[in-house]
Amino acid sequence: MSDQIKFIMDSLNKEPFRKNYNLITFDSLEPMQLLQVLSDVLAEIDPKQLVDIREEMPEQTAKRMLSLLGILKYKPSGNATDMSTFRQGLVIGSKPVIYPVLHWLLQRTNELKKRAYLARFLIKLEVPSEFLQDETVADTNKQYEELMEAFKTLHKEYEQLKTSGFSTAEIRKDISAMEEEKDQLIKRVEHLKKRVETAQNHQWMLKIARQLRVEKEKEEYLAQQKQEQKNQLFHAVQRLQRVENQLKSMRQAAADAKPESLMKRLEEEIKFNLYMVTEKFPKELENKKKELHFLQKVVSEPAMGHSDLLELESKINEINTEINQLIEKKMMRNEPIEGKLSLYRQQASIISRKKEAKAEELQETKEKLASLEREASVKRNQTREFDGTEVLKGDEFKRYVNKLRSKSTDFKKKHQIIAELNAEFGLLQRTEELLKQRHENIQQQLQTIEEKKGISGYSYTQEELERVSALKSEVDEMKGRTLDDMSEMVKKLYSLVSEKKSALASVIKELRQLRQKCQELTQECDEKKSQYDSCAAGLESNRSKLEQEVRRLREECLQEESRYHYTNCMIKNLEVQLHRATEEMKAYISSDQQEKRKAIREQYTKNTAEQENLGKKLREKQKVVRESHGPNMKQAKMWRDLEQLMECKKQCFLKQQSQTSIGQVIQEGGEDRLIL
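Quick caveat: nothing in here was measured; it's all calculated off a predicted structure. (Residues numbered from 1 in each chain as written. Predicted model: local features only at pLDDT ≥ 70, side-chain atom pairs only at ≥ 80, totals over all residues. Heavy atoms only, no water.)

**A short note on the overall build of the protein chain**
Moving on, step 1. Helices and strands together make up the secondary structure of the protein chain, namely 19 helices and two strands.
Moving on, step 2. Sorting the 676 residues of the protein chain into buried and exposed places 11% on the buried side.
Moving on, step 3. Across the protein chain, contacts joining residues at least 24 apart in sequence account for 53% of those joining residues at least 6 apart.
Moving on, step 4. Carbon and sulfur atoms make up 57% of the accessible area of the protein chain, which amounts to about 59200 Å² in all. (Helix = DSSP H or I, 4+ residues; strand = E, 2+ residues; numbered from the N terminus. Buried < 20%, exposed > 50% of the residue type's maximum accessible area, 1.4 Å probe, protein only. Contact = heavy atoms within 4.5 Å. Areas by Shrake-Rupley, 256 points an atom, 1.4 Å probe, with all protein chains shown as cover.)

**Quick word on the packing of helix 18 (residues 600-627) against helix 19 (residues 629-658)**
Moving on, step 1. One way to put it is that helix 18 packs onto helix 19 with a least axis distance of 4 Å and a crossing angle of 50°. The angle between helix 18 and helix 19 falls in the class oblique. Contacts between helix 18 and helix 19 pair Val 625, Arg 626 and Glu 627 from the former with His 629, Gly 630 and Pro 631 from the latter. (Axes fitted to C-alpha atoms, helices over the stretch in contact; angles between N-to-C directions. Parallel < 35°, antiparallel > 145°, perpendicular 65-115°, else oblique.)

**Comments concerning a negative patch on the surface**
Moving on, step 1. Together, Glu 179, Glu 180, Glu 181 and Asp 183 line one region of the surface with negative charge.
Moving on, step 2. Mapped onto the fold, Glu 181 is located in helix 10 (residues 168-197). (Patch = residues over 30% accessible without salt bridge, like charges linked within 9 Å, V, L, I, M, F, W, Y side chains within 5 Å. Salt bridge = Lys/Arg side-chain N within 4 Å of Asp/Glu carboxyl O. Lys, Arg positive; Asp, Glu negative; His and termini not counted. Charge placed at Lys NZ, Arg CZ, Asp CG, Glu CD.)

**Some thoughts on the confidence of the model for the protein chain**
Low-pLDDT portions of the prediction should not be read for the details of their coordinates.
Moving on, step 1. Predicted confidence across the protein chain gives a mean pLDDT of 79, with 87% of residues reaching 70 or more.
Moving on, step 2. Mean pLDDT across the elements of the protein chain ranges from a minimum in strand 1 (residues 664-668), with 54, to a maximum in helix 19, with 90. (pLDDT = per-residue confidence, 0-100.)

**Considering the nonpolar core**
Moving on, step 1. Ranked by size, the top nonpolar core spans 33 residues in total, and within it Leu 12, Phe 26, Leu 38, Leu 72 and Leu 105 carry the most contacts.
Moving on, step 2. Mapped by element, the contributors of at least two residues to this core are helix 1 (2-13), helix 3 (31-45), helix 4 (58-71), helix 5 (80-92), helix 6 (95-107) and helix 7 (109-122).
Moving on, step 3. Per-element accounting of this core gives the leading share, eight residues, to helix 6.
Moving on, step 4. Discounting chain neighbours no more than four positions away, the residues touching Leu 72 are Ile 45, Trp 104, Leu 105, Leu 112, Arg 115 and Ala 116. (Core = buried A, V, L, I, M, F, W, Y, C linked by side-chain atoms within 4.5 Å.)

**Some remarks on the side chain of Gln 241**
Moving on, step 1. By secondary structure assignment, the location of Gln 241 is in helix 11 (residues 202-255).
Moving on, step 2. Residues in contact with Gln 241, not counting those within four places in the same chain, are Arg 374, Ser 377 and Val 378.

**A word on the packing of helix 1 against helix 6**
Moving on, step 1. Viewed as axis vectors pointing N to C, helix 1 and helix 6 meet at an angle of 55°, and their least axial separation amounts to 9 Å. Between helix 1 and helix 6, the crossing angle belongs to the class labelled oblique. Every pair of crossing elements has a handedness; the one defined by helix 1 and helix 6 is left-handed. Counted together, Gln 4, Ile 5, Phe 7, Ile 8, Ser 11 and Leu 12 of helix 1 and Tyr 99, Pro 100, Leu 102, His 103, Leu 106 and Gln 107 of helix 6 form the full contact between these two elements.
Moving on, step 2. Split by residue class, the contact of helix 1 with helix 6 holds eight nonpolar, four polar and no charged. (Left-handed = near helix turned anticlockwise from the far one by under 90°. Nonpolar A, V, L, I, M, F, W, Y, C, P; charged D, E, K, R; others polar.)

**Describing the pattern of salt bridges**
Moving on, step 1. One pass over the structure, following the stated rule, counts eleven salt bridges.
Moving on, step 2. Across the pair Lys 436 and Glu 432 runs a salt bridge whose closest N-O atoms are separated by 3.7 Å. Separated by four residues within a single helix, Lys 436 and Glu 432 lie in helix 15 (residues 395-453), roughly one turn from each other.
Moving on, step 3. Residue classification places Glu 432 among the partly exposed positions, given a relative accessible area of 42%.
Moving on, step 4. One salt bridge in this structure joins Glu 540 and Arg 543, with 2.3 Å as the shortest N-O distance. Linking Glu 540 with Arg 543, this pair stays in helix 16 (residues 458-589), spanning three residues, or about one helical turn.
Moving on, step 5. Residue class for Glu 540 comes out partly exposed when judged on its relative accessible area of 41%.
Moving on, step 6. Since its relative accessible area comes to 39%, Arg 543 is described here as partly exposed.

**Regarding the environment of Thr 140**
Moving on, step 1. As for its position among the elements, Thr 140 is in helix 9 (residues 135-164).
Moving on, step 2. In this structure Thr 140 comes out as partly exposed when scored by relative accessible area, which is 47%.

**Examining a nonpolar patch on the surface**
Moving on, step 1. Side chains of Met 263, Leu 266, Ile 270 and Leu 274 sit close together on the surface and give an oily, nonpolar patch of about 390 Å² of accessible area.
Moving on, step 2. Here Leu 266 lies in helix 12 (residues 259-300).

**Some details on helix 12**
Moving on, step 1. Its 42 residues place the ends of helix 12 58 Å apart at the C-alpha level, agreeing with the 62 Å of an ideal helix rising 1.5 Å per residue.
Moving on, step 2. Where helix 12 bends most, the angle comes to about 40°, and this point is Met 276. (Expected span 1.5 Å × (residues − 1). Bend = angle between axes of the 7 residues up to and from the residue.)

**Some thoughts on unusual backbone geometry**
Moving on, step 1. The backbone of Lys 73 shows a phi angle near 65°, a positive value even though the residue is not glycine.
Moving on, step 2. Considering the arrangement of structural elements, one finds Lys 73 in the loop between helix 4 and helix 5.
Moving on, step 3. Residue Lys 73 is classed as exposed on the basis of its relative accessible area, which comes to 60%.

Structure follows, in structure tokens:
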């Protein structure tokens, strides 16, 4: 508890509170002051909480603080009864309740600021269901939810940008590069527009091209949907085949249910599964965890520039050189014991690698076997669907095998021919490289000769002219092809449009009839709606008038009730005063002395006489004190002087005991004498 108070006090003495508390002053704070400190801390988290609690009711203060603590997800320790005590302690400003709250708030101020900021926009307002039946209220509520979701996405993007580490300079460079690319694209588009505008009916052609692009996008979307449905169908077929294979294997196991074979199979499966669970899977899991940790570390770090990458490469090179040096030193030592151990280690590592490789091979073979079984079942089903016949058996299968063998021999011969052709291809590649080198040497010699003759660049320009002419011819061919393609496209589009028109003619007729019906129904709906609106407006006006009259009558009733109660109270007060006055008159007029003594007048006169006597006594005491003040002060001074004298004697006596060698004090006849 003391550490908690010390932390709270240190935090309140720092920015932005500056309270300048110490342990005594903080512990001596009254409940109202402690509540004000808590309110100031909450105001630092949420500026709306900046309130002077002296100007606020205690219930409102407790409600405000509890609502904010609920938003900040503060959980007091204890059960429901402790929650009630927590609320009571918060109302009365109890220290055992407020100290933990302050400690929790001051420990995580920045996090709670963020939570309070998000709560302003993400706490959903609950609208009653009867109000949501109204269209305007439902639309506004839907817009409110959409805006809330948009705020969530924007805040996530903002947090990611804060932690991403992108610099503004790089972003500005990217923006400038993108603007340059945009300008270039605009120029290219304008250039293409100018080229297209020269053609006839270019607007119509552009429109058709736009429609073609839209249709292609639709076609791509439909193809994507078709592919997704195919994938789903394929997965469903695979699941079915897997289940059928499992059923088949279970039936085979039940058919060959010998105890010895079952035990051997189970032992092999148990050994394999034990190896996979105890050795292979833990290693793979550890490697995956390391990779995940490394990737998380890479993601959490800010974006690296070219200079950072160069530094990392230099560090990697330095570490590699150090590793090589250490390996060389170890090789130079060449200790025999370590050599023997290294042999054993190598053998163990080789065996473990072989074991892992065999396990992987076994896993792969199992997967291949499962896939082959699936393929075989698919092929069987296909053959049944196509021919309605079963798989080949007996002599037919032998003939089929002989055919396959003959085909395999043909395949081997063809494979040998392909290998020879590949060897020839390698030789031709090598000759091509040699010829290219010779060509480069000849080109260099030709350039030197041209420079000597003064016609440098002649061969290069000739080659460029030939290449440009070839490109020009290709471009001309492409233009002719594009024009032909466009004309064919236009014809196809015409035919498609005519087909669509003929197909849509009947639909358009039905649509016209439906439109007429829709217009008639909309007219009827508008008429009914206008009648309903007028009736609703009349009822609403009558209801508002009645409500105003009821409100006015209630106010008058309340005013009359308040007047009635006020007059009753005044009558009762006057009756009490009248009763006291009659009793006083009776006591004052009566001849009985005891009754007179009970009268208020007699009591007041008696009290005034007593007070006057007391005042006289006090004045006499004051006079005596004034007269004896001077002598008393002198006597007090004499006592102080006597006290100083006795203190001096005491000091002298102590000095006498400590300095006996210097002198001796002798007392004779009530006097002290110092003898040196």
